[in-house]
Every structure is written in structure tokens, then in C-alpha cells.
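# Coordinates in review
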Amino acid sequence: MDKKQLFIELQNIQERGISIFLEGKKSTPEAVSDILCVQEDSSYMRDYVYDQGVLKELWFDKVHNE
């Protein structure tokens, strides 16, 4: 995953007023791109939260393999 590309994508999302969450806590494009690019042995799932068809939140949650 390209860290710079991910950061720009998340920054654009945040500038549109969409909240970004990482593991249940409000986060920033910097923090999310750092964690996702450093934690190469872990997988994160994106969850898009819509309200009446409008994207309001983007969540990143670690996938736990059981």
C-alpha cells in the first residue's frame, strides 16, 4: 500500500466533512496512513457509514482471524 496515496485519499475524504475512525476512535489521515502502512502483517477493513445516501463516516477496523 502506498502511504502517500492513502494519505491524500483520506485527506480529501476528511476535507469533505467525513469523519475517519481507527479501531473505534476518531482519527486523522496521518494516523491512519501511518498505522496501515506500518502494520503490514495485519489487515484492516474499511466500513463506509452512510446517512440517507450520504457518506458520513469511514471506519478502519483490524480484521481478527479466528
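A short tour of the structure in this document, coming up.

Calculation notes
Residues numbered from 1 in each chain as written. Predicted model: local features only at pLDDT ≥ 70, side-chain atom pairs only at ≥ 80, totals over all residues. Heavy atoms only, no water. Helix = DSSP H or I, 4+ residues; strand = E, 2+ residues; numbered from the N terminus. Rg over C-alpha atoms; globule rule 2.2 N^0.38 Å. Buried < 20%, exposed > 50% of the residue type's maximum accessible area, 1.4 Å probe, protein only. Areas by Shrake-Rupley, 256 points an atom, 1.4 Å probe, with all protein chains shown as cover. Pairing = 2+ DSSP bridges. Arc of directions from axis to C-beta.

## Regarding the overall build of the protein
When helices and strands are counted, the protein shows two helices and four strands. For the protein, the sequential pattern of α-helices and β-strands runs α-β-β-α-β-β. A globule of 66 residues ought to have a C-alpha radius of gyration of about 11 Å, and the protein, at 12 Å, matches this closely. Along the longest, intermediate and shortest principal axes, the C-alpha atoms of the protein span 35 × 30 × 15 Å. Looking at the protein residue by residue over its 66 residues, the buried ones come to 27%. Taken as a whole, the protein presents about 4800 Å² of accessible surface, with 46% of it coming from carbon and sulfur.

## Overview of the sheet that holds strand β3 (residues 44–51)
An order of β2-β1-β4-β3 is seen for the four strands of this open sheet, with the pairing classed as mixed. Every interior strand has two partners, whereas the edge strands, β2 (25–26) and β3, have only one. Relative to β2, strand β1 (residues 19–22) runs antiparallel, the two sharing two bridges. Bridge assignment links Phe 21 to a residue of β2, and that residue is Lys 26.

## Brief notes about helix α2 (residues 29–38)
Looking at α2, one finds that the buried residues are Pro 29, Val 32, Ser 33, Leu 36 and Cys 37. Buried residues of α2, viewed axially, fall in a sector of 115°; they line one side.

## Describing unusual backbone geometry
The backbone of Glu 23 sits at a positive phi, close to 50°, despite the residue not being glycine. Look at Gln 52: it is not a glycine, yet its phi comes out positive at around 55°. Examined against the element boundaries, Gln 52 turns out to sit in the loop between β3 and β4 (54–62).

That is the geometry; function is a separate question.
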